[in-house]
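Descriptive analysis of the structure
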There are 2 protein chains.
Amino acid sequence: MAIKNTILIKNGYIVTMNGKSENFLGDILVENDRIKKIEARIVDRADQIIDASDKVIIPGLIQTHVHLCQTLFRNIANDLALMEWLDIIMPLESCHDEETAYISAKLGIAEMLKSGTTTINDMGAANFATETAYAVKDLGIRAQLGRTIMDSDWAPEYLRHDTEKGLVETEDFINKWHGQADHNITCGLPIRWILTTTDQSLKGLKDIAAKYHVPIHTHANENLSENEVIFQEKGMSTIEYFCKLGLTDHKLQMAHCIWVSEKEKQILKENNISVLHCPSCNNKAASGIAPVPEYLSGGINVSLGADTAACNDNLDLFVEMRLAALMQKPRLGPTSISADDVFKMATSEGAKALLLDKQIGSIEVGKKADIVILNRSIRNSPFNIDNVIPALVYSFNGRDVNTTVVNGRILVKDGRLVDFDEHQLMKEAEYAIKKVIAKAKKLNRYQDKR
Amino acid sequence: MAIKNTILIKNGYIVTMNGKSENFLGDILVENDRIKKIEARIVDRADQIIDASDKVIIPGLIQTHVHLCQTLFRNIANDLALMEWLDIIMPLESCHDEETAYISAKLGIAEMLKSGTTTINDMGAANFATETAYAVKDLGIRAQLGRTIMDSDWAPEYLRHDTEKGLVETEDFINKWHGQADHNITCGLPIRWILTTTDQSLKGLKDIAAKYHVPIHTHANENLSENEVIFQEKGMSTIEYFCKLGLTDHKLQMAHCIWVSEKEKQILKENNISVLHCPSCNNKAASGIAPVPEYLSGGINVSLGADTAACNDNLDLFVEMRLAALMQKPRLGPTSISADDVFKMATSEGAKALLLDKQIGSIEVGKKADIVILNRSIRNSPFNIDNVIPALVYSFNGRDVNTTVVNGRILVKDGRLVDFDEHQLMKEAEYAIKKVIAKAKKLNRYQDKR
């Protein structure tokens with residue numbers, strides 16, 4: 001008989017997101033990686049008991065668009081347009097080595113676990129996808145991961161590689177990592193940018209997606225000047241081009257989708273494409289305001305992500321939820337998007353975007369035990385269970401996280417990482433960014449914009 | 001010889017805001033209520049030593065527009081337009097008693113001290129201004145305070161009072177409180193809304209402002225539908241009407257100023273009127289986006305405030321700084337407003353708005369010792385002193401506050417209020433809101449929108 005590990009979480013305000021808006025005071029029993037019971041009072045014995053009295057329990061948050069390899073580049077390039085920002089960040093990204101790529105991923109994952117994110121979808125990098133996977137495995141977060149192909153003349157020379165090599169390594173990555181790390185890792189196919197990927201690769205990725213039933217993750221329609229370049233090259237938008245190539249058959253995940261025509265909205269809707277909304281970066285790079293209320297009313301699935309710490313400069317999904325709710329209202333009115341809409345984007349709709357909605361996105365019996373427990377404080381007082389979701393969106397913050405459970409494992413306890421020393425991670429990060437910048441300077445790839 | 005109380009803050013990254021962009025690693029000596037020395041290394045003895053190694057030291061933040069009497073109403077009315085929101089909140093405000101008004105102010109001040117705000121400008125209330133002053137005195141924050149007059153037919157009946165009484169009590173309040181609480185309290189003249197105040201009161205307030213040299217604080221041009229009503233009544237905008245009455249001679253502080261004509265901008269500029277910008281509430285109530293970059297380039301002083309926890313639903317100025325920077329960029333481009341611009345609004349420009357710039361707003365020898373020390377963590381790592389202000393605006397958060405010093409007194413230490421128990425404050429807040437709602441129900445002034 002297999003050994004059962006059990007956790008009993010007692011007496012918290014549970015926000016289930018089970019589709020029936022059920023929020024109540026109660027207990028949750030976790031057995032191994034699953035939620036076994038949710039009841040007003042559970043009397044079972046358990047290996048570990050967590051007292052959640054006076055605390056709020058939510059499903060682990062889901063970030064459907066992040067760039068772990070850029071966490072080290074936080075606060076380096078500020079108040080710049082997207083293309084100028086990329087001119088600073090891409091060269092730095094090319095100066096990672098295995099060690100710095102691993103540290104960058106680790107720093108980002110640690111921050112997300114501490115702020116209540118239990119699942120991420122990483123855009124990956126052309127190099128060191130393996131180091132990202134090891135960081136995911138070592139820290140215990142749930143993740144959709146892949147290797148990114150950058151093989152066209154549009155890719156900077158220092159990141160460009162052979163087409164065949166990219167496709168082979170992509171398939172190797174899936175074979176090695178899909179379903180690994182206690183089933184925490186699933187694979188996706190990240191396509192960094194339509195123009196930095198050759199048509200040969202796009203077609204190859206379509207075949208891989210079909211063979212392994214994995215989703216495709218890309219950036220689309222982020223910026224007006226970017227849209228123009230793509231129109232010049234392809235005669236159509238990213239969304240239309242992906243549709244033309246038949247990539248839309250494969251559970252597309254498209255980050256940003258800010259500047260989108262009615263025709264393109266129709267493509268998103270008809271092909272069940274998920275929009276991955278990243279409000280902080282969209283604002284900071286002055287890209288624009290994504291028409292999220294229009295997507296929601298049109299039945300298009302929208303999820304959330306912090307995108308990159310190099311632009312955001314956070315990876316806290318509470319920060320994104322608040323901004324996602326606030327930024328639409330001056331444009332469309334106070335009822336255009338509600339706290340409930342936004343909280344769904346961060347939980348149940350995020351799970352749908354990653355094709356994991358049978359596993360995660362709500363607190364329900366049989367689902368994976370990805371659970372976050374939040375402290376209440378004077379910052380979110382007075383508190384009322386009837387109004388918990390607006391409080392979560394407008395008053396709570398990732399810094400209120402007390403406990404993070406992923407796949408039935410307690411990774412954050414009393415606000416601290418259980419297995420990793422935060423001070424040590426900071427020291428590693430400072431060492432690593434110095435190492436990357438030194439290499440960038442040596443290779444003449446460094447622009448100091450600080 | 002008077003006894004000197006001294007604090008030596010050692011080895012922190014000091015952001016001075018002294019007008020010369022001086023940020024460096026060093027020590028600060030506080031003597032009684034003043035900053036005595038700022039040097040790379042200070043060897044003087046001191047009563048208290050604070051080790052700020054690896055921490056960031058900033059001038060205490062200044063919130064130039066808050067409503068302490070509404071802190072209790074957090075998360076009660078969400079995703080509503082300004083007027084609908086007021087229809088819920090104003091009746092609740094009228095159901096305060098002395099006890100609940102005091103608790104509401106205390107809860108708000110505690111939250112602000114914990115998140116790095118050392119000075120506030122409160123809009124006050126028609127009732128219980130005294131209780132607010134006692135909360136300010138008891139908690140030790142620096143504040144500009146006043147009694148609010150609501151005496152016209154536009155004021156809700158349950159808040160309306162006699163004109164003469166309002167003016168007499170306003171002057172009494174100044175006589176009682178101006179310069180009190182170790183000089184932490186200065187008085188201002190809050191005018192809640194142009195239409196809820198009679199012309200007789202406006203003229204009376206002008207005379208009081210001249211007699212006592214105190215500034216006038218009001219709301220102006222917040223909302224398009226509000227602007228229309230004011231035009232119908234007065235034939236001009238709030239800004240123009242205040243100008244016509246000569247109230248602009250008296251250091252006007254005008255919150256919001258979202259919908260403002262070129263002519264009105266000219267009035268703001270020519271009369272040195274300070275705009276008090278409150279981005280979260282402007283977004284949440286869908287009021288609009290204030291033209292802050294245009295104000296800054298036009299030489300108009302702009303400061304920041306969280307406004308009210310009943311709409312915001314925070315009182316954390318770091319949250320406002322980030323939103324103030326991000327919300328302008330989609331409209332005007334990534335360089336339209338910088339992290340530096342915003343950090344000035346929260347410090348030096350806030351001090352100017354309150355006529356306290358000789359006393360506070362920067363870390364300089366001779367100024368009041370209003371100082372905040374921030375923890376660094378993986379959330380704002382890697383960290384570089386050369387880039388500290390963008391990090392403060394985009395990555396730090398009020399929850400990173402380690403120590404808050406106001407007027408040379410340590411009020412927050414290791415992230416906790418020194419003299420007040422947070423759990424106890426939460427219990428008081430929950431008791432008080434229940435008491436207010438019970439009274440509102442009894443008086444038929446309660447709308448349940450939760």
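Not measured: the values here are computed from a predicted model.

Its rotation angle being 180°, the transformation that places chain B on chain A also includes 0.0 Å of axial translation and leaves an RMSD of 0.0 Å. These values place the two chain copies in the arrangement generated by a two-fold rotation axis. Here 100% of the interface residues in chain B have copies in chain A that are interface residues too; the copies meet face to matching face.

The two faces of a sheet get side chains in turn, since along a regular strand they alternate between them. Residue and element names in this part refer to chain A. Of the strand pairs in this sheet, strand E1 (residues 6-15) and strand E2 (residues 23-31) are connected by eight bridges, and their pairing is antiparallel. Paired with Val-15 across the strands is Asn-23, a residue of E2. With five bridges connecting them, E2 and strand E3 (residues 34-39) associate as antiparallel partners. Opposite Leu-29, over in E3, you have Lys-37 as the bridge partner.

A separate point is the side chain of His161(B). Residue and element names in this part refer to chain B. With respect to the secondary-structure elements, His-161 resides in the loop between strand E8 (142-145) and helix H4 (163-177). Take His-161: its relative accessible area is 14%, and that puts it in the buried class. The contact partners of His-161, leaving out residues within four places of it in the chain, are Ala-126, Arg-147, Thr-148, Ile-149, Met-150, Asp-151 and Gly-166.

Taken as a whole, this structure holds 10 aromatic pairs over all chains when the rule is applied. For the ring pair Phe383(A) and Phe396(A), a centre distance of 6.5 Å and an interplane angle of 80° mean the geometry is edge-to-face. Here Phe383(A), found in the loop between strand E15 (371-374) and helix H14 (388-394), pairs with Phe396(A), found in the loop between H14 and strand E16 (401-406); they are 13 residues apart in sequence, far enough to count as distant. Relative accessible area serves as the criterion here: at 11%, Phe383(A) is assigned to the buried category. The ring of Tyr394(B) has Lys284(A) sitting right over it, with the charged end atom 4.3 Å from the ring centre.

Conventions and cut-offs
- Residues numbered from 1 in each chain as written.
- Chains lettered and ligands numbered in written order.
- Predicted model: local features only at pLDDT ≥ 70, side-chain atom pairs only at ≥ 80, totals over all residues.
- Heavy atoms only, no water.
- Least-squares fit on C-alpha atoms with pLDDT ≥ 70 in both.
- Contact = heavy atoms within 4.5 Å.
- Pairing = 2+ DSSP bridges.
- Helix = DSSP H or I, 4+ residues; strand = E, 2+ residues; numbered from the N terminus.
- Buried < 20%, exposed > 50% of the residue type's maximum accessible area, 1.4 Å probe, protein only.
- Phe/Tyr/Trp six-rings, centres within 6.5 Å; stacked < 30°, edge-to-face > 60°.
- Lys NZ or Arg CZ within 6 Å of the ring centre and 35° of its normal.

Purely geometric stuff here, so don't read any function into it on its own.
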